[in-house]
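Coordinates in review
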Amino acid sequence: MIAPVARVSRMAVTPSGATVGERAIPEETPVAIVHNGSTYAVMMATPADLEDFGYGFSLTEGVIDSLADVQSIETLEFEDEAGVLGVEVRLWLDEARAGQMVARRRQIAGPTGCGLCGVESLELAVKPARTVADGARFSAAEISRAVASLPPAQLLNHQTRAVHAAAFWEPEAGLVAVREDVGRHNALDKLVGHLVREGHKAGGGVVLLTSRVSIEMVQKTAMLGASVLVAVSAPTALALRTAEKAGITLVAIARDDGFEVFTHPHRIVLDGAEKERIAHVG
């Protein structure tokens, strides 16, 4: 298999001089998602957890509704005439789902982190996200604990300092799963695929992101059924409007010293002192 990390030679230049050594960097590999022999999308991705990616991408794109739509899945490495290595993730769908897929099939070539490449209309680009169930509520301390738990679990990022992570956290279990990729959308798709394959329900936990929150990140979270999305970076205005309509509590700019709640704040339970401070500011 193609390794997700490569070690390369480099020269480091600092005020004290130059040194020659090595650095770990992430691989960026063409990954084709293939349904019943037809390529649906080619994304640049980290070559790890690719079956999770295949399931998750197919679910969040709406190609499949559940794992029951997939008869089998396999990954196959290839090398093209130019010597470029890549991977095909081949999913074989049942006959009914395959027929629906052909009717709406698209081919896209996506650069790293691309979420909307190949969408042919504005309507598809900003389609409403699925409405989520009410889900669990979390204290401010639990949100902070969830955010603090993610950096130590980002093993690939510890090596490369160059990949995004998506994770799922629950109060009793802690971090249930972490997936990493050079593309933020890919990391979330991998997480979705893993959770669905494990039969894990998302209503009782929090989706964590190390990236900014754009509309497609909200759409993918809604497809998973998670009602709370927490990110270390800021959201876009369209992501906020989408989260509001989908019923998702969007928490962003989550750092060591706190976080900001933008939509559906009723799921964040504040203690007496925090409520008093809000009342005072108001």
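Residues numbered from 1 in each chain as written. Predicted model: local features only at pLDDT ≥ 70, side-chain atom pairs only at ≥ 80, totals over all residues. Heavy atoms only, no water.

**Concerning the side chain of Thr-221**
Looking at the secondary structure, you find Thr-221 in helix α7 (residues 215-224). The class of Thr-221 is buried, set by a relative accessible area of 0%. A distance of 2.8 Å separates a polar side-chain atom of Thr-221 from the backbone oxygen of Met-217. Contacts of Thr-221, omitting those with residues within four sequence positions, involve Leu-188, Val-207, Ala-226, Leu-229 and Ile-248. (Helix = DSSP H or I, 4+ residues; strand = E, 2+ residues; numbered from the N terminus. Buried < 20%, exposed > 50% of the residue type's maximum accessible area, 1.4 Å probe, protein only. Polar contact = N/O pair within 3.5 Å; in protein donor to acceptor, adjacent residues only side chain to side chain. Contact = heavy atoms within 4.5 Å.)

**Examining empty space enclosed by the protein**
Applying the stated criterion across every chain, the model contains 2 cavities of 30 Å³ or more. When its volume is computed, the second largest cavity comes out at roughly 30 Å³. If you go around the second largest cavity, the residues you meet are Val-147, Leu-150, Leu-208, Leu-209, Val-230, Ala-231, Val-232 and Ala-254. Within the lining of the second largest cavity, the residues separate by chemical class into 8 nonpolar, no polar and no charged. (1 Å grid on protein atoms, 1.4 Å probe; cavity = no way out; pocket = protein on both sides within 12 Å on 5 of 7 lines; lining within 4 Å. Points joined across faces, edges and corners; volume = space filled by probe spheres on them. Nonpolar A, V, L, I, M, F, W, Y, C, P; charged D, E, K, R; others polar.)

**Notes on the sheet that holds strand β12 (residues 228-231)**
Spatial strand order, β10-β9-β11-β12-β13-β14: 6 strands in an open sheet with mixed pairing. Two strands lie at the open edges of the sheet, namely β10 (174-181) and β14 (258-261), each paired on one side alone. The sheet shows a mean angle of 20° between the axes of neighbouring strands, direction not considered. Here strand β9 (residues 164-170) runs beside β10; their pairing, made up of 7 bridges, is antiparallel. Within β10, the position partnered with Ala-166 by the bridge is Arg-179. (Pairing = 2+ DSSP bridges. Axes fitted to C-alpha atoms, helices over the stretch in contact; angles between N-to-C directions.)

**Let's talk about the pairing of β12**
A two-sided burial pattern is seen for β12, the buried positions comprising Val-228 and Val-230 on one face and Leu-229 and Ala-231 on the other. Where strand β11 (residues 206-209) meets β12, 3 bridges bridge the pair, whose relative direction is parallel. Within β12, the residue paired with Leu-208 across the bridge is Val-230. Viewed along the sheet, the connection from β11 through α7 into β12 turns out right-handed. Looking at chain direction, β12 and strand β13 (residues 249-255) are connected through 3 bridges and run parallel. (Right-handed = clockwise from strand over helix to strand, strands pointing away.)

**A few points about the side chain of Ser-214**
Secondary-structure assignment places Ser-214 in the loop between β11 and α7. Residue class for Ser-214 comes out buried when judged on its relative accessible area of 6%. Filtering out sequence-adjacent residues up to four positions away, Ser-214 remains in contact with Arg-184, His-185, Thr-236 and Ala-239.

**Considerations on the layout of surface pockets**
Where empty space is left in the structure can be found by rolling a water-sized probe over the atoms. In this structure, the second largest pocket occupies an estimated 310 Å³ of space. Lining of the second largest pocket is provided by 16 residues; of these, Leu-59, Asp-65, Val-196, Met-223 and Leu-224 occupy positions nearest its centre. Listed by contribution, the elements that provide at least two residues to the lining of the second largest pocket are α1 (50-60), α6 (184-197) and α7. Residue contributions to the lining of the second largest pocket peak at 3 residues, all from α6.

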